[in-house]
Protein chains: 2
Amino acid sequence: MTRHGAAIEALKRTGHRLTPQRVMVLSVIAEQPAHVGVEEIQSRVKAVYPYMDQATVYRTIHLLKELGLVTEIQAGGASRYELSASGRHHHMVCRECGGAFDLSPSYLEEFRATLVRDFGFEPDLDHFAVAGRCASCGGKRVSPAAAISTERK
Amino acid sequence: MTRHGAAIEALKRTGHRLTPQRVMVLSVIAEQPAHVGVEEIQSRVKAVYPYMDQATVYRTIHLLKELGLVTEIQAGGASRYELSASGRHHHMVCRECGGAFDLSPSYLEEFRATLVRDFGFEPDLDHFAVAGRCASCGGKRVSPAAAISTERK
DNA sequence: CGGGTTGTTGCAAGCGTTTGCAATAACAGT
DNA sequence: ACTGTTATTGCAAACGCTTGCAACAACCCG
């Protein structure tokens, strides 16, 4: 099983279609030792499948990120991506129902990068949790991604 | 004294130049009852000073935001702005020197909007503080803006 | 295994925002 | 006031990313 096999299964499990494009994007990200840029993902896939489009790369990445399969790193204006380390992750806790939801580090990464860029302040975000109100108890939009990240109780 | 008089003084006090363009942007934001979009700011200023450029509006807004004089609101792809309510603000606390820095709500706003959009999760960010390491104790970049937001002890 | 449904793709145009650059103008010092 | 220094501006082009749309193909079901 390749390094991204689990991610592929997660895709199917969450009711998303397993298209060649998605597999290719995932495998490019997986076979890279470090993080990859969108442009590099696209050009590598294009070498094999020339019709691959920018928009598809972005849409795929966006999906993978929402599912927590891929982690986003801000690097000077552009974003870079890598397979999520299964270890570190954070939580959103609902005040209403007490439910806990996984929050992939990528979401905090954006916040962190902003503080560093604007203030030179390096926040310590390990062991970080956000309190609030989840979708079913009165939050706004419900995304399909929310489903899989739910942990009971 | 106009509603944005204090903001103008803050600009000078922090060593930035008081250009007509900056004053105009500030006054457009101030005279609006609710928040304003970039496009509206530009067109209102252009009515008086036709050479006003998009880039200048963006650069000015960016500055005002860093100084905490203006608060950013995310609204469906585009950003809107309003004079900062002096009341609500958050803190960054340095583990090293114990120093506290003001963090304008706009920074958390971005984070909040993301959680709402992707998960329907409405975080409660009032009374919110971030721990970490400030610029002088080992953070990354130092921006002039950091200076004014410093509070002793 | 073939047919229908519906998520996904490629394309292209557009979005909001940022950037490099040379010219300009704000402010400090005298 | 005048001058020098240096931040800031206007302009234009580019950036990274998102979106609407019609064509397509992955999957569910019998």
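About the thresholds
- Residues numbered from 1 in each chain as written.
- Chains lettered and ligands numbered in written order.
- Predicted model: local features only at pLDDT ≥ 70, side-chain atom pairs only at ≥ 80, totals over all residues.
- Heavy atoms only, no water.
- Helix = DSSP H or I, 4+ residues; strand = E, 2+ residues; numbered from the N terminus.
- Buried < 20%, exposed > 50% of the residue type's maximum accessible area, 1.4 Å probe, protein only.
- Contact = heavy atoms within 4.5 Å.
- Near = heavy atom within 4 Å.
- Polar contact = N/O pair within 3.5 Å; in protein donor to acceptor, adjacent residues only side chain to side chain.
- Nonpolar A, V, L, I, M, F, W, Y, C, P; charged D, E, K, R; others polar.
- Axes fitted to C-alpha atoms, helices over the stretch in contact; angles between N-to-C directions.
- Parallel < 35°, antiparallel > 145°, perpendicular 65-115°, else oblique.
- Left-handed = near helix turned anticlockwise from the far one by under 90°.
- pLDDT = per-residue confidence, 0-100.

The secondary structure content of chain A amounts to six helices and eight strands. Listed by position from the N terminus, the elements making up chain A come as α-α-β-α-α-β-β-β-β-α-β-β-α-β. Put simply, chain A has 153 residues, and 48% of those count as buried. By sequence separation, contacts in chain A at least 24 residues apart represent 51% of the contacts at least 6 residues apart.

Let us look at the protein's contact with DNA strand D. Of all residues adjacent to DNA strand D, which total 21 residues, the nearest are A:Leu18, A:Tyr58, B:Gln21, B:Arg22 and B:Tyr49. In DNA strand D, atoms within 4 Å of the protein come 59% from sugar and phosphate. One of the side-chain N or O atoms of B:Arg17 is found 3.0 Å from a base oxygen in DNA strand D. Here B:Gln21 contributes a side-chain N or O atom positioned 2.8 Å from a sugar or linking oxygen of DNA strand D. Among the elements of the structure, helix H4 (54–66) of chain A together with helix H2 (20–31) and helix H4 (54–66) of chain B are those that each provide at least two residues to the surface near DNA strand D. When residues in the surface near DNA strand D are grouped by element, the largest group, four residues, is from H4(A). Class assignment for the residues of the surface near DNA strand D results in nine nonpolar, six polar and six charged.

Residue and element names in this part refer to chain A. Between helix H3 (residues 38–46) and H4, whose axes approach to 10 Å, the crossing angle comes to 120°. Taken together, H3 and H4 sit at an angle that is classed as oblique. In the crossing of H3 with H4, the sense of the turn from one axis to the other is right-handed. Two secondary-structure elements touch here, H3 through Val 38, Ile 41 and Gln 42 and H4 through Gln 54, Val 57, Tyr 58 and Ile 61. Residues belonging to the contact of H3 with H4 are distributed by class as follows: five nonpolar, two polar and no charged.

Mapped onto the fold, A:Thr60 is located in helix H4. When residues no more than four places from it in sequence are discounted, the contact partners of A:Thr60 are A:Arg22 and A:Val25.

For DNA strand C, the set of nearby residues contains 21 residues, the closest of which are A:Arg22, A:Tyr49, A:Thr56, B:Leu18 and B:Tyr58. Residue A:Gln21 places a side-chain N or O atom 2.8 Å away from a sugar or linking oxygen belonging to DNA strand C. Counting residues per element, the surface near DNA strand C draws most heavily on H4(B), at four residues. Residue classes in the surface near DNA strand C are distributed as nine nonpolar, six polar and six charged.

Along the chain, the position of A:Pro33 falls in the loop between helix H2 (20–31) and strand E1 (36–37). Taking the C-alpha atoms as reference points, A:Pro33 and A:Leu83, 50 residues apart in sequence, are found 9.9 Å from one another.

Attention now moves to the confidence of the model for chain A. Mean pLDDT for chain A: 79, with 77% of residues reaching 70 or above. This model gives residues 140–153 of chain A a pLDDT under 50, and the stretch forms 28 contacts once residues within four places in sequence are excluded.

Right, let's talk about the packing of helix H5 (residues 105–119) of chain A against helix H5 (residues 105–119) of chain B for a bit. If you want to describe how two helices pack, look at the angle between their axes and the distance between the axes. Taken N-terminus to C-terminus, the directions of H5(A) and H5(B) make an angle of 165°; their axes are 10 Å apart at the nearest point. Considered as vectors, H5(A) and H5(B) are oriented roughly antiparallel to each other. For the element pair H5(A) and H5(B), the recorded crossing hand is right-handed. Note on element contacts: H5(B) touches H5(A) through B:Tyr107, B:Leu108, B:Glu110, B:Phe111, B:Thr114, B:Asp118 and B:Phe119, opposite A:Tyr107, A:Leu108, A:Glu110, A:Phe111, A:Thr114, A:Asp118 and A:Phe119. The residue inventory of the contact of H5(A) with H5(B), partitioned by class, reads eight nonpolar, two polar and four charged.

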